[in-house]
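Report on the structure
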Amino acid sequence: HKEVVKDVDIVLGTDTPADVAAAFAALPQVVEVLSQGDRKTTVRLKSGIQVDLRLVPDEHYASMLHHFTGSKDHNVAMRSRALSRDLHLNEYGLFHGKKGDGDRISTTDESELFGALELAFVPPELREGLGELEAGETDTLPVLLQAVDVRGMLHVHTSASDGSDTVAQMAAAVRQRGYDYVCICDHSKSAGYVFGLKESDFDAQHAEIDALQEDLADFRVLKGIESDILRNGALDYPDAVLAKFDLVIVAIHNTLAMDEVALTARVVKALEHPATNIFAHPTGRLLLEREGYKVNLDEVINAAAANNVALELNTHPARFDLDWRWLRRARDAGCRIAVNTDAHRISDLDSLELGTGIARKGWLTPADVINTMTAEQLLIWAKG
């Protein structure tokens, strides 16, 4: 669940490597076989990404999988830990003796590999050399968020602004995926380039939601807005209008080229507004396309925590914003997180599981994420 990868490694335990390699090379996704052997086959997919398939006997599987899952820093820490116990760890196994010249220690899976080094199992997303071994040694690893912990979708757009589907269609799609609630958050009036809603539009949308809700006893449709943060830090609706919503998400979409001090002050002022509940895509980055705007995230995190504002982890694959490295810092500062799809079409809803992986990399637990709450709990939190 790294946000950007350059290739994919697949590890497979098998006693028929030649047959598996041939079947792999013949897959319809493969456009070019770069190399093919009994133990390693490398191909290029239609998407352009390279995939290496490594075929190993069962006794090598756990250590080989671990080797290709963790970062370099994690692997160095694991090998150093092995050496400190007169053991040797490499991709082929865990052995007695610092040079690996002793007997192999049987490890049929990764749990046994970690256990042999006196560690609790470290989830793959945490293997970054950022304190996970210390937590594994002291049994203080977090119980990480899972996709099934998320009860509702909080940042969903419709055809009322720049979405592709109606309120009813989006609500039905979220409900069909097993969630308990959805919050419709179309763009606000300052986002005119995406048909942001004027004050006069809300009565109609809210009436539509109310009518829909009458037929959905087992599902909640909440009224929200993605309100633009103006250049001076104000929100682009008066307080009386903002009070009509169950949830107010704030965001920056324009005038991004301010200096860091001014832009940070602009964001902090918006987070201090009593109506603000969530700060969307906090850095505005687009992966492989645009760097985030210049903002002091430490100040933003502190302001969010002080004002009971959740920071968004936007699960759109082009964003994954807030970055997982900052998610952990936000959590440690007492800040809550909203794991949101920012869906503009029904298919976007399915990015939530990918985003959950990013949340896990940030050491987030269900208690850190606001949309693991029931709809009633969420509404109490939002008005608190």
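Please refer to the structure placed before this passage.
Below, the structure is looked at part by part. Predicted, not measured: the structure shown is a model, and the values here were computed from it.

Digging into the overall build of the chain
A tally of helices and strands in the chain yields 13 helices and 14 strands. With the principal axes as the frame, the chain shows a C-alpha extent of 75 × 45 × 45 Å. When burial is assessed residue by residue, the chain has 51% of its 384 residues classed as buried. Within the chain, counting contacts between residues at least 6 apart in sequence, those at least 24 apart form 68% of the total.

Some thoughts on the pattern of salt bridges
Across all of its chains, the model carries 23 salt bridges by this definition. E118 is the salt-bridge partner of R85, the closest N and O atoms lying 2.8 Å from each other. With R85 in the loop between α3 (72–84) and β5 (87–90) and E118 in the loop between α4 (110–116) and α5 (132–137), this pair connects stretches of sequence that are 33 residues apart. Residue class for E118 comes out exposed when judged on its relative accessible area of 53%. Here R151 ties to D180 by a salt bridge, and the two come within 3.5 Å at their closest N and O atoms. With R151 in the loop between α5 and β8 (152–156) and D180 in the loop between α6 (167–176) and β9 (181–187), this pair connects stretches of sequence that are 29 residues apart.

Let's talk about the side chain of T283
Assignment of secondary structure puts T283 in the loop between β12 (278–279) and α10 (297–306). A relative accessible area of 11% places T283 in the buried class. With residues up to four places along the chain from it excluded, the contact list for T283 reads G292, Y293, L297, D321 and L322.

Things to note about the environment of I278
If you trace the backbone, I278 turns up in strand β12. Residue classification places I278 among the buried residues on the basis of a relative accessible area of 0%. For the pair I278 and L154, spaced 124 residues apart in sequence, the C-alpha separation works out to 9.6 Å. Sequence-distant contacts of I278, that is, excluding residues within four places in its chain, are made with L154, L247, V248, I249, V250, V309, A310, E312, A338, N340 and I370.

As for the sheet that holds β5
Here we have 3 strands laid out as an open sheet, ordered β5-β6-β7, and antiparallel in their pairing. With one partner strand each, in any of the chains shown, β5 and β7 (104–105) form the two edges of the open sheet. Summarising the sheet, β5 and strand β6 (residues 93–96) pair through 4 bridges and their orientation is antiparallel. Across the sheet, residue N90 finds its bridge partner in β6, namely G93. Taken strand by strand, α3 contacts β5 and β6, and its axis lies near 160° from that of β5.

Rules used throughout
- Residues numbered from 1 in each chain as written.
- Predicted model: local features only at pLDDT ≥ 70, side-chain atom pairs only at ≥ 80, totals over all residues.
- Heavy atoms only, no water.
- Helix = DSSP H or I, 4+ residues; strand = E, 2+ residues; numbered from the N terminus.
- Buried < 20%, exposed > 50% of the residue type's maximum accessible area, 1.4 Å probe, protein only.
- Contact = heavy atoms within 4.5 Å.
- Salt bridge = Lys/Arg side-chain N within 4 Å of Asp/Glu carboxyl O.
- Pairing = 2+ DSSP bridges.
- Axes fitted to C-alpha atoms, helices over the stretch in contact; angles between N-to-C directions.

Everything listed is a geometric property; what it means functionally is a separate question.
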